[in-house]
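Residues per chain are reported as follows:
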Amino acid sequence: MADKKERNGEFWELALDRAHLGVWDWDLRSGDCFYSAMWSQMLGYGEGELAKTSDLWLQLTHPDDRERAVASGERHIAGLTDSIETELRLKHKSGHWVWVLDRGGVVERDADGRPVRLMGVQTDITKQKQAEATLEQVNVRFGLALAASGTGIWHHDLAARKSYWDKRTREIFGLVADTDEVSQELWHSYLHPDDRADAERAHLAPLQTQKVVAVQYRIIKRDGEIRHVESLIRFIADAQSSGQILGTVRDVTKAKQREQELAHAARHDALTGLLNRAAFDRLLAEHIATARRLAVFYVDLDYFKALNDFAGHAAGDLALKRVAERILGCLPPSVHAARLGGDEFALLVPDCDAAQAERLAGAVLAAVRDADLGSTAASRKLAASIGIAFVADANTAVADALACADDACYAAKAAGRNRFAVFSPEATSGSSGLNAARLAADTVDAMADGRLKLFGQEIHQLGKPWQESRHVEVLARLAGRNGRLIPPGEFIPAAERFGVASRLDRWIIRTALSLHGPALKSGALTLGFNLSAQTLSDPQLWDFVDAVIAETGAPHSGIGFEITETAAVTNFTAAEQFVRKARERRCRVSLDDFGAGMSSFEYLRRFPVDAIKIDGSFIEHIAESRFDREIVSAISGIARSLGCSVVAEKIEAQDALDILADMGIAFGQGFLLHRPEPLQAIVTRAIAIRASATQVSATRASKTRASAPAAAGRRA
Ligand code: C2E
Ligand code: CA
Ligand code: CA
């Protein structure tokens, strides 16, 4: 029997201790409650430290758990449950809470079957509870992340051949259903035919790999809408069954659209929507490699910079947009158009012969001329200069093809703008404006070897002989190596393009003043110098001019400068400073080629110049064109109100001269009055006139003792 006692008593006690189970034993009749040593130990107490009252456990129970714990016991005692099973927190000796699982029940009843004794065990489940809490947190976070990313979760049970779509998945597919379970065919019925094979393959791939498989595909919703979705899929093995495929699904339509937009933006110019430079280069490279007869057009807008600077960038942008639209509108579908930057465009014309190129260039020129530039810039139209290069050799570099077209474009500009020119590799320096670099280099050489010549053209006071005013505009001429005289219209743009225009202008000024300083000093004549935009913005210009004047003895008042309206607008600040310094020194300043740019008259108020030279294009047809007459008369009216004199250029015919004189235009210049000739000849003549005039007046003075007349009036 000792054996049996052992089993009933110490033996079980040992087992319970090992299992870390605290035992309680509650006698309902006496109200006594026994707690095992392990139970006390679980709560950090030693043997005998706790008073063994029946409600000891309740005193130690967390207030929030008491009601539940008591109820669980009462329900069982009342016979409503088979056993007590509840989780509660007990206070540890050191103050923290210990989660325990309490399980037990009635172990003895009286004769009437009423419970008289209950026993139970409590185990410490704190760790488990913590793990549960952590898991709960993870779940909440995960759920939040899924909700935030709009990701749906689905799985497919391989054995049951059934799929389960969560609410979000159903929303993505536009499926109206209350349950998760869907037939296994359902998914396939949504697939876009073009993506079906790939999507199906990707969904089966996880069976062969441990990895997560990602796939993007399109679905067609029941209402016909096409959406892009992305799924991540993996296989989850299961010992009991064939396992399941678990996946996510996310609607990525917006991201896809954005991606497509970005891809488009990377290839296109944001303002005009035409191809951008990089895309054009790539396309051109492809075409050069494969196509036979390919033409590249380089299209440069004329006078755009002035428009941009004067009317503002918004107006400039609008003009570019309109021009691009018009150009695009006149092109056949096979032609690709690009904006290379600024006001430069390019066309790629596959299968193009000379006649087609000519027709197309004509159409593009007309398109640019006809473009509606918006109200701000409506006063004058833009034009374009087009260079065309044919590419027949598949080994041509993209940069070379474009450079040839650019060269031809430059030639078109040099030839007077609003026209096209075709690149020809045979063209030689100086004859056609091609090979601008060579021409610019030759200009530099010409300064050293005497081939750069000074010419001049008289400026007349209308209705009076030149002898009375003796103003002269200095004009440069380049004697080519073959002896031909190259007009400045050809070599000056080249000089500007290759940065030697400033040197050229300085050379002209220094040479003219050195040779003719004494004549200027004697008042025989005044000289006007043309300045390029580069010279205008040269900060050392006045130091140079002052030094030359000091060396040569030429008086400031005998010197004038002509700056073009376009250059002035383009370099506004520099031009303002230039004019201010000129005025300080009493040098004359004229605004040249006025009207050719895009500026409005308003602009004139900002430059206190001495004279405005109306662009020759308004004068040459003045007899026939009422429009030109109105423009000239308006310009002269404004000029008069501002106190500056007006010079009309390019007077070639008597009727033009008469009209201008009638309008009250004070000064004129043109072949009718004087053809440009070497400056030396003009100076010689002027000195002679001056000498004879002095003689005459000296004679007269000695005869009449009257004082000499005041010098010719000039705006102060
Ligand atoms: P510009 O300043 O407008 O000079 C007037 C141009 O018109 C000159 O051409 C002159 O010869 C030409 N011309 C004058 N009267 C008539 C006429 O009745 N009919 C026609 N058809 N033409 C006439 P040129 O000498 O060929 O000069 C062209 C341009 O080159 C000048 O235009 C000026 O902008 C520029 N240029 C000339 N010399 C220099 C220079 O030393 N430096 C700079 N920066 N530019 C210069
Ligand atoms: Ca001029
Ligand atoms: Ca001019």
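Residues numbered from 1 in each chain as written. Chains lettered and ligands numbered in written order. Predicted model: local features only at pLDDT ≥ 70, side-chain atom pairs only at ≥ 80, totals over all residues. Heavy atoms only, no water.

Visitor: Just to check I follow, could you spell out the coordination of the calcium ion (ligand 2) for this structure?
Guide: Geometrically, a metal with four donors at the corners of a regular tetrahedron has ideal angles of 109.5 degrees, and one with six donors at the corners of a regular octahedron has ideal angles of 90 or 180 degrees. Protein-derived ligands of the calcium ion (ligand 2) are Glu473 (OE), Asn530 (OD1), Glu562 (OE) and Asp592 (OD), with the metal-ligand distances lying across 2.1 to 2.3 Å. Sequence positions of the residues that donate to the calcium ion (ligand 2) give the spacing E-x56-N-x31-E-x29-D. Taken as a pair, the calcium ion (ligand 2) and the calcium ion (ligand 3) lie 4.0 Å from each other and share Asp592 as a ligand. Note that Glu473 is positioned in strand β18 (residues 471–479) and Asp592 in strand β22 (residues 588–594), a separation of 119 residues in sequence. A relative accessible area of 5% means that Glu473 is categorised as buried. (Donors = N, O, S within 2.8 Å, 3.2 Å for Na, K, Ca; no water. Helix = DSSP H or I, 4+ residues; strand = E, 2+ residues; numbered from the N terminus. Buried < 20%, exposed > 50% of the residue type's maximum accessible area, 1.4 Å probe, protein only.)

Visitor: I would appreciate a short explanation of the coordination of the calcium ion (ligand 3) in the present structure.
Guide: Distances from the calcium ion (ligand 3) to its protein donors, Asp592 (OD), Asp593 (OD), Glu649 (OE) and Glu649 (OE), fall within 1.9 to 2.6 Å. Sequence positions of the donors to the calcium ion (ligand 3) reduce to the motif D-D-x55-E. With a relative accessible area of 12%, Glu649 lands in the buried category.

Visitor: How should I be thinking about the packing of aromatic side chains in this particular structure?
Guide: The relative placement of two aromatic rings is captured by the distance of their centres and the angle of their planes. Under the definition given, this model contains 11 aromatic pairs. Pairing Phe561 with Phe578 gives two aromatic rings, centres 5.6 Å apart and planes at 80 degrees, and the pair type is edge-to-face. Taken as a pair, Phe561 in strand β21 (residues 559–564) and Phe578 in helix α22 (residues 572–585) lie far apart in primary sequence, 17 residues in all. Through successive ring pairs, a cluster of aromatic residues spans Phe529, Trp542, Phe561 and Phe578. We note Arg222 situated over the ring of Tyr190; from NZ or CZ to the ring centre the distance is 4.0 Å. The residue whose ring lies beneath Arg675 is Phe671, and the NZ or CZ to ring-centre distance is 4.1 Å. (Phe/Tyr/Trp six-rings, centres within 6.5 Å; stacked < 30°, edge-to-face > 60°. Lys NZ or Arg CZ within 6 Å of the ring centre and 35° of its normal.)

Visitor: In this structure, what is going on with the UniProt feature "domain: PAC" (unreviewed entry) in the chain? I would like to understand it.
Guide: In the numbering adopted here, UniProt assigns the feature "domain: PAC" (unreviewed entry) to residues 84–137 and 213–264. Here residues 84–137 is 22% helix and 57% strand, with 29 Å between the C-alpha atoms at its ends. End-to-end, the C-alpha atoms of residues 213–264 are 29 Å apart, and along that stretch the chain is 23% helix and 52% strand. (UniProt positions renumbered as here; feature names shortened; annotations may be inferred.)

Visitor: Quick question: what am I supposed to make of helix α17 (residues 488–497) here?
Guide: Every α-helix winds through 3.6 residues per turn, so residues three or four apart in the chain are directed the same way. All buried positions along α17 are accounted for by Pro488, Glu490, Phe491, Ala494 and Ala495. All buried residues of α17 project into a common sector of 160 degrees when viewed along the axis, lining one side. Gly499 lies just past α17 and shows a positive phi near 75 degrees. (Arc of directions from axis to C-beta.)

Visitor: Is there a simple way to think about the nonpolar core in this case?
Guide: Note on soluble globular proteins: their nonpolar side chains tend to be buried together. Among the nonpolar cores identified, the biggest contains 82 residues, and Phe529, Phe561 and Phe578 are the most heavily contacted of them. Looking at which element gives the most residues to this core, the answer is helix α18 (residues 501–521), with eight residues. With residues up to four places along the chain from it excluded, the contact list for Phe578 reads Leu531, Leu536, Leu541, Trp542, Phe561, Ile563 and Val589. Among the nonpolar cores identified, the runner-up in size contains 31 residues, and Ala324, Phe345, Val364 and Ile386 belong to it. (Core = buried A, V, L, I, M, F, W, Y, C linked by side-chain atoms within 4.5 Å. Contact = heavy atoms within 4.5 Å.)

Visitor: Before we go on, may I ask you to explain the environment of Pro487 in this structure?
Guide: Turning to its location among the elements, Pro487 is positioned in the loop between β19 (485–486) and α17. The sequence separation of Pro487 and Leu475 amounts to 12 residues, and the corresponding C-alpha distance is 9.3 Å.

Visitor: Could you clarify how one ought to interpret the pattern of salt bridges in this entry?
Guide: Once their charged atoms are close, side chains differing in charge can pair, the charge on each being opposite to the other. Within this structure, the stated rule accounts for 43 salt bridges. When the shortest N-O distance is used, the salt bridge between Asp110 and Arg114 registers 3.3 Å. Here Arg227 makes a salt bridge to Glu225, at a shortest N to O gap of 2.8 Å. A relative accessible area of 33% means that Glu225 is categorised as partly exposed. Each of Asp25, Asp27, Arg29, Glu108 and Arg117 takes part in one network of salt bridges that share partners. (Salt bridge = Lys/Arg side-chain N within 4 Å of Asp/Glu carboxyl O.)

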